[in-house]
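So you can see what is in the structure, the chains are spelled out below.
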Amino acid sequence: MPLRKKQNCSPTVGGIARNICRLFERAKVVIRNDIEVSIDPISDPYNFIDAIRAAYSIRAFEVTFSRSNPFDADEFFQKPMEKYLDAANGEKGKTNISGVNLDSETLVDVTKSVAATGNDAKVVLKIREGVRYSTKRLRDNPAHFAIEEGDFTPAVALTEARETYTYVRGESNVVD
């Protein structure tokens, strides 16, 4: 059996998402029906959430959001912001809140929704009294899964992707 040259998709998750998006955009059904394709990497929010929960003080929290994706959006934050963005005919938006000590559990709930929609969050926090505030970003930790080459099938990949997404949404605590 002749060796096949492996094509590089991209060294980054953002590049992979862009390449997959371009692939879908060239599909006849997408072109024929004038479908807009949007694919963003999904971040694993749990290190970010742990930092929020462990923070001594949280001074600022910023999230980005994009147009409607109804099955991902939470009722509290995402849906109202997406409606606002749609009404303004915008593509992306950003919300920033600040205060002396923001409520960490509210920020955790928004973080899970933002991560599942492929958007980003940034928090300015102090890990303990007497140290400076630092900034942490959600997008710095992409969600991922691995499949052994011999075990790969489209069905296995789809199952793993769904399980990883469920984990990111906070609907399951099971992770390998």
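The structure contained in this document is the topic of the report that follows. (Residues numbered from 1 in each chain as written. Predicted model: local features only at pLDDT ≥ 70, side-chain atom pairs only at ≥ 80, totals over all residues. Heavy atoms only, no water.)

### A look at a nonpolar patch on the surface
Residues Ile16, Ile20 and Phe24 make up a contiguous nonpolar surface patch of about 230 Å² in total accessible area. Structurally, the position occupied by phenylalanine 24 is in helix H1 (residues 13-25). Overall, phenylalanine 24 belongs to the partly exposed group, its relative accessible area being 44%. (Patch = residues over 30% accessible without salt bridge, like charges linked within 9 Å, V, L, I, M, F, W, Y side chains within 5 Å. Areas by Shrake-Rupley, 256 points an atom, 1.4 Å probe, with all protein chains shown as cover. Salt bridge = Lys/Arg side-chain N within 4 Å of Asp/Glu carboxyl O. Helix = DSSP H or I, 4+ residues; strand = E, 2+ residues; numbered from the N terminus. Buried < 20%, exposed > 50% of the residue type's maximum accessible area, 1.4 Å probe, protein only.)

### A few points about the sheet that holds strand E3 (residues 121-126)
One open sheet accounts for four strands, arranged E2-E1-E3-E4; its pairing is antiparallel. Each edge of the open sheet carries a strand with a single partner, namely strand E2 (92-98) and strand E4 (134-137). Recorded for the sheet is a direction-independent mean angle of 15 degrees between the axes of neighbouring strands. Here strand E1 (residues 57-66) runs beside E2; their pairing, made up of seven bridges, is antiparallel. Across the sheet, the residue bridging to phenylalanine 65 is glycine 93, located in E2. Relative to the sheet, helix H4 (residues 78-87) contacts E1 and E2, its axis offset from that of E1 by approximately 50 degrees. (Pairing = 2+ DSSP bridges. Axes fitted to C-alpha atoms, helices over the stretch in contact; angles between N-to-C directions. Contact = heavy atoms within 4.5 Å.)

### Quick look at the pattern of salt bridges
Tallied over the full model, the rule gives four salt bridges. The salt bridge involving glutamate 105 is made with arginine 53; its shortest N-O contact spans 2.8 Å. Of this pair, glutamate 105 sits in helix H5 (residues 104-116) while arginine 53 sits in helix H3 (residues 46-54), and the two are 52 residues apart along the sequence. Taking the relative accessible area as the measure of exposure, arginine 53 reaches 44% and is therefore partly exposed.

### Considerations on H3
Taken residue by residue, H3 has Tyr46, Phe48, Ile49, Ala51 and Ile52 as its buried positions. On its buried side, H3 packs onto E1, H5, E3, E4 and helix H6 (154-168).

### Some remarks on the packing of aromatic side chains
A complete count under the given rule lists one aromatic pair for this structure. Arranged with centres 4.7 Å apart and planes meeting at 40 degrees, the rings of tyrosine 46 and tyrosine 167 form a pair that is tilted. Highlighted residues: tyrosine 46 in helix H3 and tyrosine 167 in helix H6, separated in sequence by 121 residues. For tyrosine 167, a relative accessible area of 17% gives the class buried. Seen from the ring of tyrosine 133, arginine 59 lies directly overhead, with NZ or CZ sitting 4.3 Å from the centre. (Phe/Tyr/Trp six-rings, centres within 6.5 Å; stacked < 30°, edge-to-face > 60°. Lys NZ or Arg CZ within 6 Å of the ring centre and 35° of its normal.)

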